[in-house]
Amino acid sequence: MKFSLNLLGTFLDKGMPLIIGILLSKYMSSESFGTWSLFYQFLLIVNLIATSPVLGFFSRYFFQSSYDDKSVMIIYNYAFVFLIFVFSFIIFYGFFQPFTRVSLLEILSLLGFTSYIYYTLYLRFIKEDLKYVLSALLRITVLIVIIAIGYYISGIITYELLITAFCLSHVISLIQALRKYQLKKKYARIELREFLSLSIYGISSSTVNGSDKFIILALGNSKAFLGIYSYFFTIASAPNLLVEAFKKIYTPAQFKEYSEQGELSSKTKKGIVTFLVIFTFIQLIGPIILYRVLRYLNLVNAEYMAVENIDYLLLMFSFGLYGFSIYHFINPYLIYFKKTYLMTLSLSASFIIYLLFLYFGDNSNNLFFLALSKTVMLISVTVLTFFCSKYFVKTHFKR
């Protein structure tokens, strides 16, 4: 029952960008979709840098006796988090996106989205899985209804309509989170060195997860080209729904077992390995089948159908995404035992490999070359992180 609720909640959560990327992109220009992809990636990056350290502390301390009030969501090192938000907006609007009339909606969207991420994690930790599912359902329902009304009136889905719907879909979760947030002076500078380490890890992680979209623009490509690249990466990412659902069950279990016994139980290890074996076939074959179904149903924009050798492009992305899915089950161990610097090193090294590929390849406007570069980077992260956790950390695992 718990897994079913988490799976449904994840489908609803991850279904939002998939609905936009897979279904609504049919009714958007590639340039509008490229603009959306850039903003959404910015949103994810800020979440990694500013919010993830807070969530990391929350995950680590929630099951310990020091977290005495389970009815609140503590914001650790809140002044530092605020500064990250401000600095991120300055960078984004200074270099990648003009400050326009929709910028306020973008800012509110970021605040709402990060609050939603924390609030739904809190719900899962207190075992309120049904509330999590209802929150996810409400969010996606509001998005769809507003877009449907806008499309009915104007006959087109623009970026302005999309960001308006996205912003309003997070209003209720933002209000719910604000009622739970707690700022305590004793948590204003708690373990700041470790918090900064997690934030730096977030910067490194964001370079792997989303830097490619910003680099594609920096290389001189248009937002329309970025839209095409992002569309096929979104298709290839669809099976990641299962990874996210599985993480929401096993990540709290991993932290709990590390806290109680210093190692994972054999049952948890077996569950993770079994999932990854089955997921191999889903990740490699699923995106190709999905694209063919969408094309059969006439739900693919003509700009995307014009791309050659689409099956190979999707398969290229899928190899990298499968490799990166393994990484998600390694990092809870390193986070709990305060070894995030090893993840940072692995992520940074992988990003350097990515940049070297781009530099020596000199093929910055070729979709297949960009997909290959992304895949090499994602696989490198997992290999290097596993190597570090295996040989450079004194573990509590039984040998």
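Look up a bit, the structure's there.
Residues numbered from 1 in each chain as written. Predicted model: local features only at pLDDT ≥ 70, side-chain atom pairs only at ≥ 80, totals over all residues. Heavy atoms only, no water.

With that out of the way, let us pick up the pattern of salt bridges. In the structure shown here, the tally under the stated rule is two salt bridges. Residue Arg292 pairs with Asp311 through a salt bridge whose shortest N-O separation is 2.3 Å. Residue Arg292 is located in helix α12 (residues 266-296), and its partner Asp311 is located in helix α14 (residues 310-327); the two are separated by 19 residues in the primary sequence. (Salt bridge = Lys/Arg side-chain N within 4 Å of Asp/Glu carboxyl O. Helix = DSSP H or I, 4+ residues; strand = E, 2+ residues; numbered from the N terminus.)

Turning next to α14. With 18 residues, α14 should reach 26 Å at 1.5 Å per residue; the first-to-last C-alpha distance of 27 Å fits that figure. Taken as a whole, α14 has its buried residues at Ile310, Leu313, Leu314, Phe317, Ser318, Gly320, Leu321, Tyr322, Gly323, Phe324, Ser325 and Tyr327. (Expected span 1.5 Å × (residues − 1). Buried < 20%, exposed > 50% of the residue type's maximum accessible area, 1.4 Å probe, protein only.)

For the rest of this paragraph, the subject is the packing of helix α9 (residues 211-218) against helix α10 (residues 223-237). Running from amino to carboxyl end, α9 crosses α10 at an angle of 155 degrees, the nearest separation of the two axes being 9 Å. What the angle tells us is that α9 and α10 run roughly antiparallel. As α9 packs across α10, the resulting crossing turns out to be right-handed. Contact residues: α9 offers Asp212, Lys213, Ile216 and Leu217, while α10 offers Lys223, Phe225, Leu226, Tyr229, Ser230 and Phe233. When grouped by side-chain class, the residues that make up the contact of α9 with α10 number six nonpolar, one polar and three charged. (Axes fitted to C-alpha atoms, helices over the stretch in contact; angles between N-to-C directions. Parallel < 35°, antiparallel > 145°, perpendicular 65-115°, else oblique. Left-handed = near helix turned anticlockwise from the far one by under 90°. Contact = heavy atoms within 4.5 Å. Nonpolar A, V, L, I, M, F, W, Y, C, P; charged D, E, K, R; others polar.)

Trp36, Tyr231 and Phe232 are the most contacted members of the largest nonpolar core, which totals 98 residues. No other element matches the 15 residues that helix α2 (residues 30-61) contributes to this core. Beyond its immediate stretch of four places on either side in the chain, Trp36 contacts Ile20, Tyr159, Leu162, Ile163 and Phe166. Of all hydrophobic cores here, the second largest spans eight residues; its members include Phe275, Leu276, Phe279 and Phe329. (Core = buried A, V, L, I, M, F, W, Y, C linked by side-chain atoms within 4.5 Å.)

This part takes up the packing of helix α4 (residues 103-125) against helix α6 (residues 159-168). Taken N-terminus to C-terminus, the directions of α4 and α6 make an angle of 35 degrees; their axes are 9 Å apart at the nearest point. When the axes of α4 and α6 are compared, the crossing they make is left-handed. Note on element contacts: α6 touches α4 through Tyr159, Ile163, Thr164, Phe166 and Cys167, opposite Leu105, Glu106, Leu108, Ser109 and Phe113.

Our next topic: the side chain of Gln283. Position of Gln283 among the secondary structure elements: in helix α12. At a separation of 2.9 Å, a polar atom in the side chain of Gln283 contacts the main-chain carbonyl oxygen of Ala236. Not counting residues within four places of it along the chain, the set of residues in contact with Gln283 comprises Ala236, Pro239, Ser318, Leu321 and Tyr322. (Polar contact = N/O pair within 3.5 Å; in protein donor to acceptor, adjacent residues only side chain to side chain.)

Looking at the element boundaries, Asp212 is found in helix α9. Polar side-chain contacts of Asp212 include one of 2.7 Å to the side chain of Tyr229. Beyond its immediate sequence surroundings of up to four residues, Asp212 is in contact with Tyr229, Tyr354 and Lys374.

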